[in-house]
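Close look at the chain arrangement
For reference, the chains in residue letters:
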Amino acid sequence: MVAPTIIGLVVLNLWPFVQTLYASFCEHEGFGHYKFIGLQNYVDMFGNAEFWKATWNTIYFCILTVPVGIALALLIAMLLNAHVKFKGGFRTIFFLPLVCAPAAVAMVWRWIFNGEYGILNQILGTKIQWITDPKTAVLAVAIVSVWSSVGYDAVLLLAGLQNIPKSLYEANSIDGAGKIQQFFTITLPMVSPTLFSVLIMRLMASMKIYDLIYMMADETNPALTDMQSLMYLFYRSSFVAGDRGYGSAIVIWTVGLILIVTLVQFQGQKKWVTYDI
Amino acid sequence: MIFPFVWMILTSSKTVPESMLIPPTILPKQLMLDNFKEAIASLPFANLYINTILMVFFRVVCAVLFSSMAGYAFAKLEFRGKKLLFGIVLIQMSLPSQIFIIPQYQMVAKMGMANTIFALVFPGLVSAFGVFFLRQAYMSIPDEVGEAAYLDGCNQWQTFYKIMFPLTGTSVAALTIFTAVFAYGDLMWPLVVNSDLKMMTLSSGLSTLRGQFTTNFPVLMAGSLLAMLPMVVLYLIFQRQFVEGIAGTGGK
């Protein structure tokens with residue numbers, strides 16, 4: 001009964017993984033032929049400014065989206081938890097971006113961010129070229145990303161909040177604790193396991209950001225290198241430039257980076273995640 | 001939160017000069033369908049809908065069918081190499097899908113299957129996540145249920161598809177929604193594997209409009225609206241299942 005799955009996984013995933021690893025040490029000569037060139041792709045990659053810029057852009061994107069996104073999601077979840085009446089309607093709205101294809105979502109935001117006629121500049125009274133100015137390009141993508149994912153994170157956190165026994169709060173307020181104190185002594189520790197899994201998931205997804213940037217930065221965008229992520233660079237190297245060996249090296253690097261970040265988080269969780277009180 | 005959607009709908013009915021007015025008009029002067037006509041004229045929407053529906057359908061069927069079988073086996077049966085095989089599932093789950101893309105693309109190209117529905121479905125033929133997720137569903141069913149079926153004369157297969165599988169309904173629904181939403185939004189794989197406009201999905205097809213209408217935002221908004229419509233309509237009908245399904249798959 002496991003045969004179809006295992007055969008599929010070996011053919012579709014395990015073997016391709018080995019191939020990608022091997023291809024990262026090879027030069028692609030066209031038509032799927034590879035020549036072994038040792039570490040050359042990695043040497044090229046580490047000596048390439050565009051690559052380091054993409055690595056930084058990816059990390060910068062995570063810094064912009066993950067803490068703010070999760071804090072907002074927690075805030076929304078707490079509000080929804082307190083006002084049960086509106087839960088249904090709000091949940092519907094907050095979840096909506098998730099079911100929309102990122103390609104369509106990005107298209108709408110391109111219009112909102114438009115430098116000349118975009119509604120955002122008109123509301124703010126600014127003339128910022130959000131998507132084509134190197135200074136704001138990553139920020140613009142980050143805003144879209146937080147907007148699309150915050151509802152999903154909030155729903156997960158809401159489930160965590162609802163598992164907190166009401167009696168804890170009651171006992172606490174009899175003891176004379178304020179709302180803010182309650183948040184730090186009860187809510188945060190109790191919801192920390194959910195918070196941790198949301199954090200890991202969001203970090204992994206942010207490190208792989210591709211589709212929003214692809215839609216918002218085409219080849220003619222002057223800020224392209226200032227906003228391209230590792231996965232976008234991977235796509236352009238492998239499938240636009242056709243350099244699949246180099247592309248493989250980039251994807252291996254990205255996976256290594258994700259692995260390191262995840263391991264650090266799993267180490268760090270011991271300090272702040274409480275699994276029982 | 002909802003503003004971008006509202007703005008998209010309003011813009012999709014404006015003329016180009018009207019969309020560029022400063023200060024902007026909120027409501028369009030007229031209900032105009034020309035933008036939709038132009039969007040449909042520049043993208044083969046009928047093909048895109050069919051391709052997307054077929055891709056989503058086959059990916060869901062494969063994920064549910066194979067993951068149910070494997071999830072059941074991993075949860076309820078004893079066989080040799082179980083731990084090692086489950087290890088393979090876990091490895092695939094923890095690796096980002098991009099790491100498989102180049103070799104997967106080469107396989108599809110070698111089979112001469114680029115620009116087909118099969119190519120779109122290919123990476124979704126099996127789902128490690130689905131196996132993991134449904135294994136948990138089967139583990140939560142008490143062993144006594146299977147034993148009772150066995151005493152009633154069911155063999156292993158009958159126990160599975162007559163007794164056990166129907167008990168995992170909510171989990172299967174959750175996996176279906178999760179798989180469908182993910183496949184629908186996926187962009188990199190369809191772009192890589194199907195370059196023929198007629199064989200693209202709604203996502204990848206829409207992305208080709210970027211270059212074509214750089215300043216004609218009303219048409220771009222009309223196109224985006226058409227591209228997101230099917231899933232939004234399904235979502236509005238099956239809201240509760242969507243929220244619970246996606247939240248359920250992520251929370252584990």
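All values derive from a computational prediction rather than experimental measurement. (Residues numbered from 1 in each chain as written. Chains lettered and ligands numbered in written order. Predicted model: local features only at pLDDT ≥ 70, side-chain atom pairs only at ≥ 80, totals over all residues. Heavy atoms only, no water.)

What to know about the confidence of the model for chain A
With 99% of its residues at a pLDDT of 70 or more, chain A shows a mean pLDDT of 90. No element of chain A has a lower mean pLDDT than helix α8 (residues 166-174) of chain A, which averages 80, and none a higher one than helix α2 (residues 40-46) of chain A, which averages 95. (pLDDT = per-residue confidence, 0-100. Helix = DSSP H or I, 4+ residues; strand = E, 2+ residues; numbered from the N terminus.)

A look at the pattern of salt bridges
All names here are of chain A. Scanning the model with the defined rule gives eight salt bridges over all chains in all. Residue Asp226 is joined to Lys53 by a salt bridge in which the shortest nitrogen-to-oxygen separation is 4.0 Å. Highlighted residues: Asp226 in helix α11 (residues 224-227) and Lys53 in helix α3 (residues 49-82), separated in sequence by 173 residues. The salt bridge involving Asp153 is made with Arg202; its shortest N-O contact spans 2.7 Å. On the criterion of sequence distance, the pair formed by Asp153 in helix α7 (residues 137-162) and Arg202 in helix α9 (residues 179-207) is long-range, its members being 49 residues apart. What makes Asp153 buried here is its relative accessible area of 1%. By relative accessible area, which is 13% here, Arg202 ends up buried. Through salt bridges with shared partners, a single network forms among Glu50, Glu219 and Arg236. (Salt bridge = Lys/Arg side-chain N within 4 Å of Asp/Glu carboxyl O. Buried < 20%, exposed > 50% of the residue type's maximum accessible area, 1.4 Å probe, protein only.)

Some thoughts on the packing of aromatic side chains
Applying the stated criterion to the full structure yields 42 aromatic pairs over all chains. On the numbers, 5.4 Å between centres and 65° between planes, the contact of Phe51 of chain A with Trp253 of chain A is edge-to-face. Taken together, the residues span a long stretch of sequence, with Phe51 of chain A in helix α3 and Trp253 of chain A in helix α13 (residues 244-272) at a distance of 202 residues. For the ring pair Trp147 of chain A and Phe5 of chain B, a centre distance of 5.4 Å and an interplane angle of 45° mean the geometry is tilted. Of this pair, Trp147 of chain A sits in helix α7 while Phe5 of chain B is found in helix α1 (residues 3-11), placing the two residues in two different chains. Its relative accessible area of 9% is what places Trp147 of chain A among the buried residues. Through successive ring pairs, a cluster of aromatic residues spans Tyr210, Tyr214, Tyr232, Phe234, Tyr235 and Phe239 of chain A together with Tyr105 of chain B. For Arg135 of chain B, the ring lying beneath its charged end belongs to Phe86 of chain B, and the centroid distance is 4.2 Å. Over the face of the ring belonging to Tyr214 of chain A we find Arg210 of chain B, whose NZ or CZ atom lies 4.5 Å from the ring centre. (Phe/Tyr/Trp six-rings, centres within 6.5 Å; stacked < 30°, edge-to-face > 60°. Lys NZ or Arg CZ within 6 Å of the ring centre and 35° of its normal.)

Focus: the side chain of Lys76 of chain B
All names here are of chain B. Within the element layout of this structure, Lys76 appears in helix α4 (residues 45-76). One polar contact links Lys76 to Asp143, side chain to side chain, over a distance of 2.9 Å. Leaving out residues up to four positions away in the same chain, Lys76 has contacts with Tyr138, Met139, Ile141, Pro142, Asp143 and Met164. (Polar contact = N/O pair within 3.5 Å; in protein donor to acceptor, adjacent residues only side chain to side chain. Contact = heavy atoms within 4.5 Å.)

Comments concerning the interface of chain A and chain B
In this complex, chain A contributes 69 residues to the contact, which on the side of chain B involves 76 residues. Interface area for chain A against chain B, summed over the two sides, is near 6,700 Å², with a carbon-plus-sulfur share of 80%. Among the residues of chain A in contact with chain B, Met1, Leu12 and Trp111 of chain A are the three that bury the most area, contributing 13% of the side total. At the junction of chain A and chain B, the tally comes to zero salt bridges. Viewed at the interface, chain B and chain A are joined by nine residue pairs in polar contact (both at pLDDT 80 or more). By residue number, the principal contributor to the side of chain A that touches chain B is helix α1 (residues 3-23) of chain A, which donates 13 residues. Looking at side-chain class alone, the side of chain A that touches chain B contains 50 nonpolar, twelve polar and seven charged residues. (Buried area = accessible area lost by both parts, 1.4 Å probe. Nonpolar A, V, L, I, M, F, W, Y, C, P; charged D, E, K, R; others polar.)

Notes on the nonpolar core
Note that soluble globular proteins tend to have their nonpolar side chains buried in a common cluster. Formed by 169 residues in total, the largest nonpolar core has its most connected members in Phe113, Tyr210, Met216 and Met227 of chain A together with Phe74 of chain B. Sorting elements by how many residues they give to this core places α7 of chain A first, with 15 residues. Beyond its immediate sequence surroundings of up to four residues, Met227 of chain A is in contact with Asn57, Ile131, Ala137, Val138, Val141, Ile213, Met216, Ala217 and Asn221 of chain A. (Core = buried A, V, L, I, M, F, W, Y, C linked by side-chain atoms within 4.5 Å.)

Describing the packing of α1 of chain A against helix α6 (residues 98-110) of chain B
Where α1 of chain A meets α6 of chain B, the closest approach of the two axes is 8 Å, and the angle between their N-to-C directions is 105°. One way to sum up the angle between α1 of chain A and α6 of chain B is to call them roughly perpendicular. Note on element contacts: α6 of chain B touches α1 of chain A through Ile99, Phe100, Pro103, Gln104 and Met107 of chain B, opposite Val11, Leu12, Asn13, Pro16, Phe17, Gln19 and Thr20 of chain A. Taken together, the residues of the contact of α1 of chain A with α6 of chain B sort by class into eight nonpolar, four polar and no charged. (Axes fitted to C-alpha atoms, helices over the stretch in contact; angles between N-to-C directions. Parallel < 35°, antiparallel > 145°, perpendicular 65-115°, else oblique.)

Some points on unusual backbone geometry
Residues and elements named next belong to chain B. Positive phi, normally seen in glycine, also occurs at Asn115, with a value near 60°. By the element assignment, Asn115 lies in the loop between α6 and α7 (117-121). The class of Asn115 is partly exposed, set by a relative accessible area of 26%.

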